[in-house]
Structure formats: structure tokens, C-alpha cells
Amino acid sequence: MKVLSEERKYNAQDFERLPEGPPYYQLIEGELIETPTPEVIHQKVAGRLLYLLHKLEKEAKMGTVIHFIDLYLDERNVFQPDIVVLLKEGKAKIEEKGIFGPPDVVVEILSPSTAYYDLIVKKEVYERAGVKEYWLLDPNRKTFEIYKNTEEGFKLTSQAREKGKVSSELLGIEIDLKEVFEGGM
């Protein structure tokens, strides 16, 4: 990820004036950060998880699952998470420009260029904004972690590495890592 300018702080209106298409940017704590295209392994993992979540969306009629969309959290933070889940009773609203407000679940898939932001900066913003669950996947290490937002902040509630399953309390589901990291669809 490349910072556009460290001298000036940007806001959501500045972000909206950017041209559509590549290069893609995220507004992170007032800085415009250029985001490279994810690697193949990142995209495969995202596709597999998206497939599983879309199946759940259809079967349980729980809300909406969306990937690669502008997520407006506040004036200084507009992210493009890998996947978001919006439950019917959630706070987030879908509008023409993107999603406004905290989704119920945010999924970020780590890559070498985004890991710092996903693990630290964006995690803090998601916590502060009120995201209920934050899912972090590392396709290289084959790890999957689920954090629940509590009064004390994000708490790790489920994790697995390579094999095994993780559980989302919020969605009431179990996800087999084999399906996410090795295929199965």
C-alpha cells in the first residue's frame, strides 16, 4: 500500500472526488492509501468464503453479503473490505455510493501490502465504529480469527489454523477452514 500524501489530511468528500477504477484507494485515518490488486491466493480465499456466505444468505435470509464496496465509517475513514455482512436489523445502510455505517461483520483477508492496516489501524477503526464481528484470514499461514466487539473492545472468540473450524456467534455458523483455504466448491 502506498500513501498518497502524508502532509495533508483528507476526508470523505476528497475521497469521492477520486476517479473510478484503478488505482484503488482507501481513506484510512485521513490518509489516502493506494491499494494494489490482491494476489491470486487472496482472491481465491475471498471467493470461497463469499460462496459460503452467499449460500447462508439465501438459506437463512439473514441480510446481505457484499464484497469490494466503499464502506463509509466516518469523515476520515472510507475502506474497501474484502467482504461485509449486513444483517436485516443492523445499523449500516446501502446507498448508491456504498455502505454507510458499521456492517455487522467485516472480513479482511491479509496480504503483505495490507496486513499492517488490517491488523492494527483498520481493526481499531472497525472497533470504534461498532462493527460487531471482525474476521481476519491469512491465506499464507492458513489462519482464520473471529473477533467479537465487546465493552472492552474486540475479543478473540474463535480461531483455527490450517484445519478445524471457526464459529461466528453473531451469524450462528461454523466454517470449515478446509472449504476456505483448499476449495470444496
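We now turn to the structure provided with this report. (Residues numbered from 1 in each chain as written. Predicted model: local features only at pLDDT ≥ 70, side-chain atom pairs only at ≥ 80, totals over all residues. Heavy atoms only, no water.)

## Regarding the packing of aromatic side chains
Turning to step 1, where the next piece is worked out: Enumeration over the complete set of coordinates arrives at 9 aromatic pairs.
Turning to step 2, where the next piece is worked out: Considering the side-chain rings of Tyr116 and Tyr117, the 5.2 Å spacing of their centres and the 75° angle between planes classify their relative orientation as edge-to-face.
Turning to step 3, where the next piece is worked out: Classification of Tyr116 as partly exposed rests on a relative accessible area of 49%.
Turning to step 4, where the next piece is worked out: For Tyr117, a relative accessible area of 13% puts it in the buried group. (Phe/Tyr/Trp six-rings, centres within 6.5 Å; stacked < 30°, edge-to-face > 60°. Buried < 20%, exposed > 50% of the residue type's maximum accessible area, 1.4 Å probe, protein only.)

## Some details on the nonpolar core
Turning to step 1, where the next piece is worked out: Counting residues in hydrophobic clusters, the biggest one holds 27 residues, and the most contacted among them are Leu49, Trp135, Leu137, Phe144 and Leu171.
Turning to step 2, where the next piece is worked out: Residue assignment for this core shows that the elements contributing at least two residues are helix H2 (40–60), strand E7 (83–87), strand E10 (105–109), strand E11 (133–138), strand E12 (143–150), strand E15 (173–176) and helix H4 (177–181).
Turning to step 3, where the next piece is worked out: Counting residues per element, this core draws most heavily on H2, at 7 residues.
Turning to step 4, where the next piece is worked out: Discounting chain neighbours no more than four positions away, the residues touching Leu137 are Val45, Leu49, Val107, Glu108, Ile109, Leu110, Thr143, Phe144, Val180 and Phe181.
Turning to step 5, where the next piece is worked out: Among the nonpolar cores identified, the runner-up in size contains 23 residues, and Ile33, Leu71, Ala115 and Tyr117 belong to it. (Core = buried A, V, L, I, M, F, W, Y, C linked by side-chain atoms within 4.5 Å. Helix = DSSP H or I, 4+ residues; strand = E, 2+ residues; numbered from the N terminus. Contact = heavy atoms within 4.5 Å.)

## Topic: the environment of Pro139
Turning to step 1, where the next piece is worked out: Structurally, the position occupied by Pro139 is in the loop between E11 and E12.
Turning to step 2, where the next piece is worked out: Sequence spacing of Pro139 and Lys155 is 16 residues, and the spatial spacing of their C-alpha atoms is 21 Å.
Turning to step 3, where the next piece is worked out: Excluding its chain neighbours within four sequence positions, the residues that come into contact with Pro139 are Ile41, His42, Val45, Ile109, Leu110 and Phe181.

## Some thoughts on the pattern of salt bridges
Turning to step 1, where the next piece is worked out: Throughout the structure, instances matching the rule amount to 13 salt bridges.
Turning to step 2, where the next piece is worked out: Residue Glu29 is joined to Arg128 by a salt bridge in which the shortest nitrogen-to-oxygen separation is 3.3 Å. Residue Glu29 is located in the loop between strand E2 (24–28) and strand E3 (31–35), and its partner Arg128 is located in helix H3 (residues 115–129); the two are separated by 99 residues in the primary sequence.
Turning to step 3, where the next piece is worked out: The exposure class of Glu29 is buried, given its relative accessible area of 19%.
Turning to step 4, where the next piece is worked out: Between Lys132 and Asp104 there is a salt bridge, and its shortest N-O distance comes to 3.2 Å. Pair noted here: Lys132 is in the loop between H3 and E11 and Asp104 is in the loop between strand E9 (98–100) and E10, with a separation of 28 residues, a long-range link. (Salt bridge = Lys/Arg side-chain N within 4 Å of Asp/Glu carboxyl O.)

## Considerations on the side chain of Asn77
Turning to step 1, where the next piece is worked out: By the secondary structure assignment, Asn77 is in strand E6 (residues 77–79).
Turning to step 2, where the next piece is worked out: A polar atom in the side chain of Asn77 sits 2.9 Å from the side chain of Asp74.
Turning to step 3, where the next piece is worked out: In this structure, Asn77 is in contact with Leu27, Ile28, Glu29, Leu71, Tyr72, Val125 and Arg128, ignoring residues within four places of it in sequence. (Polar contact = N/O pair within 3.5 Å; in protein donor to acceptor, adjacent residues only side chain to side chain.)

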